[in-house]
Every structure is written in structure tokens, then in C-alpha cells.
Amino acid sequence: MRIVLGVGGGIAAYKVASLLRLFTEAGHNVTVIPTEAATRFVGTATWEALSGNPVSNSVFDGVHQVNHVRLGHEADLVVIAPATADLLARAATGQAGDLLTNTLLMAHGPVLFAPAMHTEMWQHPATQANVETLRSRGAAVLEPATGRLTGADSGPGRLPEPEAIFDAAIALVQGQTDFQLPLAGRTVTISAGGTREPLDPVRFLGNRSSGKQGVALAVAARNAGATVRLLAAHMEVPPPPGVEVVPVETALQLREAALATAGDSDVFIMSAAVADFRPAVVSDTKIKKRDDSADPVITLVRNPDILQELVEVRNAAGPSGQHRLIVGFAAETGDSQGDVLAYAEAKLQRKGCDLLVVNHVGSDKVFGQDTNSVVILSRSGSGPQEASGTKAEVSAAIISRIGDELNHLALN
Ligand code: CTP
């Protein structure tokens, strides 16, 4: 389809180069119209090279082609990103001082604004009134993402991730009314990786979790518009950009971080591989081998079950906890006593979480792999749902299911 991509004058303009790429790689013909201010952030040459189309924001370029009328008329979709406070105001008041605002007045197809600005500008009554006006006229205005802004501060006002804007734009063209990002305004805390339980200053008991699934979940939740916090135990992959990272090492540290963050989390996903046991005694000094002594014996004690505790704390919180969703993971092998799903169903009931994502594990399965196959079990009664593919695809399915469950909770 023919897309007009209007770029506003904000620092987030650089991210829109990736959005342009997503559109062109999906086969769409994109004409970029940057505002005067936008070209101070990203130059015209970048937009021309990436789109393969000429770029201008003047109504006096190519006058014989009547661009100020034609581009809006012909566009199947107009996307404005970043939609700055100034651009929203100009669009809401129907100004026509440059090619982009002319195009907005001529647009026949759907129009999507992806705002990005400082939190106070976004929350200002003037901006909110402009957003209302645009929405009342049928334009789609995404909620900005929450997180780190240009300076040291953070809050609502980040440009949603390019993938999220792309998905919302396609949903809008397909006539879906729920083009808003499914987790916009939600805070999602995800534990990821494997805990390490120290024996002495140089040794620990660990596990084979790579953290890939938790990181993929963090990316999917972030792309769905959520504010994401990653409680990161040992991981073999770096945490993704755009999420808050809380590093932890042991199960007890993870428990502390989890309990401290549970209260303001709309969704808590326990994807970390938590050690069930830890050495009863941690030596302050390196345990030495001595020829004359017997083989050392390590005594283990149980770690608290963090998932179960999160459920208890949530249930004890009364009404304020009712809309919080808790998601557990289960790694099961099945055995002669029962199959994977039977064990998982029992675990779901025992732990009391809302969703349980079940991995079928074996020596070569899941840990460190890039693909995965899971079954999602729910306590709300809906049947098991299978998801397989890359960890990114599986994560997108899990996050989408979480969005559905949150909507379900909101209705009850
Ligand atoms: N989990 C937790 N705290 C623990 C152990 C596990 O919060 N001390 C969480 C994991 O993050 C996961 C879920 O519980 O979300 C299931 O973990 P799993 O190890 O598969 O199950 P267990 O409860 O340990 O049961 P079992 O060992 O009997 O399979």
C-alpha cells in the first residue's frame, strides 16, 4: 500500500528510520514527509535513501504534481511518528503551513499518530485536548510508552517501539478497533535467567537457564507498550534496551526484588529458573581440598517458593491485588507416574498463579535453544493453548494471551 510517514521534530525521529524499514521490507511504498524541525534530527538524505522516494516538506517543490493534495489523497495510510506536541496541536487545529499538515487535511485513509514528548507536555491539558479532538475526528492516537526519556528522567512520553507502531498501523488498516497497544499503561515485571547459590567466594550451584526466554518476553512486553522491569539472574544474553534491569544473583535476592516490585506490577512473570535449594552454609573463604580429610558433604536447605509467595501476597492485598496477573513457568519432563500436562495442571493448582507456561524439557530441549514449544494453562477455565516457534514468537503469543487475561480481569 501507499503510506505517508510524517516525521515530527523530536529526538525519537531516529527510531522512525527503523519503522520506515519495517514498512518498506513488508513491500509498502512509503513517502516520508519530515517537518522542518525533524530534518534537524535526521537528514533528508536518510529518508530518501531508506524510502527510495523523493523527500520534501515544502508545498513549493514539485508544484506541477500538486503534492500538497495528491499525497494525502493517494495514501492508504498516514503514520505520524514521532507526533510531537506541536504537530498534534497543528493537526488538531487544521493548520496547513507545510506539506505534512496539508497532507493530513487531505488524507482519506486511516491516520495513526504515535506521540513522543516529555511527560509534562504529554499530560498538559492542551495536548490532551488536542488528542481528544483528533480521536473524535477518527484519527488513531497511540498512548506513548512509559520509560526513560531523553534526559535522566522517565515517565509516559517515549515513542512506542517501531515494531509496536508497525503492528498498530497494520491493525488499523485492517479495520481493527483495538489498535492500541495491548499492554499500554501496564507495568510488567519479568524474572529471567538462572539463580546462582554460592558455596564459597568462588563456587556456586547453578542451572542451565540462558535467560533467552525471559529476555524475549521482555522485548514482547515492551513492544506491546508495557513498562518492563527485568529481574535479571544469571543470563547468557544481554538485557534488551528500553527496560529497567534489576540484577540479582541468588534465589533470596530474587525473592527480595520480587516482593519489592510486586505491588506496582500489573503483571508478574516468573520465568527465572530459581534454585529450589541452596547450600546451608556459605563459606567466607575458599573451601580447600585437604589430603587427610574425607570427601566434603554439602548440606542443602530449601529456598522459598517465590511464585507461591507472590500469589499469597497478591491474594492478601484485597481489591488492589485483584487486577494483578501472575504467570508461572513449569519445566516438566513427565515420567512413569504422569505425563507433562498432568504434572503441570497439578502445579498450576498448587502454586495458584493465573497462567502457567509449560515447557517440555529433556537434555536437549529448551535450555539455551532459540526455539521453544509451550502449552499455556489458565486457571480462568479456558482450555490449554499451544504456542511454538522462535522464543520471540512464543513470547509474543504469551504476551498476547496475558493481554486477553488482563482484559478478562478488568471485566470482572
Ligand atoms: N519458582 C519460584 N521459586 C522457587 C522455585 C520455582 O518462584 N524456589 C517458580 C519458577 O520461576 C517457575 C515456577 O516456580 O515460574 C515453576 O518452577 P519449577 O522448578 O518448574 O517447579 P517446582 O515448583 O520447583 O516443582 P518441581 O521441582 O516439583 O517440578
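None of these values were measured; they are calculated from a predicted model.

### A look at the overall build of the chain
Thinking step 1. Across its full length, the chain holds 13 helices and 19 strands.
Thinking step 2. Per-residue burial for the chain yields a buried fraction of 48% across its 412 residues.
Thinking step 3. Restricting the contact set of the chain to residue pairs at least 6 apart, pairs at least 24 apart contribute 68%.
Thinking step 4. On the chain, the mean spot of the 33 positive side-chain charges and the mean spot of the 43 negative ones are 4 Å from each other.

### Section: the site of the ligand
Thinking step 1. The full set close to the ligand counts 15 residues, and Met270, Leu307, Phe329, Lys347 and Lys351 are the nearest of them.
Thinking step 2. Here a nitrogen atom of the ligand and a backbone polar atom of Pro304 are 2.9 Å apart.
Thinking step 3. Within the contact set of the ligand, an oxygen atom lies 3.3 Å away from a backbone nitrogen or oxygen of Ala331.
Thinking step 4. The fraction of the free accessible surface of the ligand (580 Å²) that becomes covered by protein chains is 77%.
Thinking step 5. Among the elements of the structure, helix H11 (306–316), strand S16 (325–332) and helix H12 (340–351) are those that each provide at least two residues to the shell around the ligand.
Thinking step 6. Counted by class, the shell around the ligand contains 9 nonpolar, 1 polar and 5 charged residues.

### Quick word on the domain arrangement of the chain
Interfaces are frequently sized by the accessible area removed from exposure as the parts join.
Thinking step 1. Looking at the chain, the domain boundaries give domain 1 (2–173) and domain 2 (187–284 + 296–410).
Thinking step 2. Each side of the interface is counted separately: domain 1 has 5 residues, and domain 2 has 4 residues.
Thinking step 3. Counting the surface lost from both domain 1 and domain 2, the interface buries some 440 Å², and carbon and sulfur atoms represent 49% of this.
Thinking step 4. Linking domain 1 to domain 2 there are 1 salt bridge.
Thinking step 5. Notably, a salt bridge pairs Glu161 with Arg222, separated by 3.9 Å at the nearest N-O pair.
Thinking step 6. For the pair domain 1 and domain 2, the number of links is 0 residue pairs in polar contact (both at pLDDT 80 or more).
Thinking step 7. By residue class, the composition of the side of domain 1 that touches domain 2 is 1 nonpolar, 1 polar and 3 charged.

### Re the sheet that holds strand S11 (residues 227–232)
Thinking step 1. Read from one edge to the other, the open sheet built from 8 strands follows the order S12-S11-S8-S13-S16-S17-S18-S19, with strand pairing classed as mixed. Either end of the sheet is taken by a strand with one partner, and the two such strands are strand S12 (244–247) and strand S19 (385–390). Neighbouring strand axes in the sheet, compared pairwise and without regard to direction, differ in orientation by 20° on average.
Thinking step 2. Bridging between strand S18 (residues 371–378) and S19 involves 6 bridges; their strand directions are antiparallel. Residue pairing across strands places Val375 opposite Glu386, the latter belonging to S19.
Thinking step 3. Its contacts with the sheet place helix H9 (residues 212–223) against strand S8 (187–192), S11, strand S13 (267–270), S16 and S18, and it is angled at close to 170° to S8.
Thinking step 4. Against the sheet, H12 engages S16, strand S17 (355–360) and S18, with an angle of about 150° to S17.

Rules and cut-offs
- Residues numbered from 1 in each chain as written.
- Predicted model: local features only at pLDDT ≥ 70, side-chain atom pairs only at ≥ 80, totals over all residues.
- Heavy atoms only, no water.
- Helix = DSSP H or I, 4+ residues; strand = E, 2+ residues; numbered from the N terminus.
- Buried < 20%, exposed > 50% of the residue type's maximum accessible area, 1.4 Å probe, protein only.
- Contact = heavy atoms within 4.5 Å.
- Lys, Arg positive; Asp, Glu negative; His and termini not counted.
- Charge placed at Lys NZ, Arg CZ, Asp CG, Glu CD.
- Near = heavy atom within 4 Å.
- Polar contact = N/O pair within 3.5 Å; in protein donor to acceptor, adjacent residues only side chain to side chain.
- Areas by Shrake-Rupley, 256 points an atom, 1.4 Å probe, with all protein chains shown as cover.
- Nonpolar A, V, L, I, M, F, W, Y, C, P; charged D, E, K, R; others polar.
- Domains from an automatic or database assignment.
- Buried area = accessible area lost by both parts, 1.4 Å probe.
- Salt bridge = Lys/Arg side-chain N within 4 Å of Asp/Glu carboxyl O.
- Pairing = 2+ DSSP bridges.
- Axes fitted to C-alpha atoms, helices over the stretch in contact; angles between N-to-C directions.

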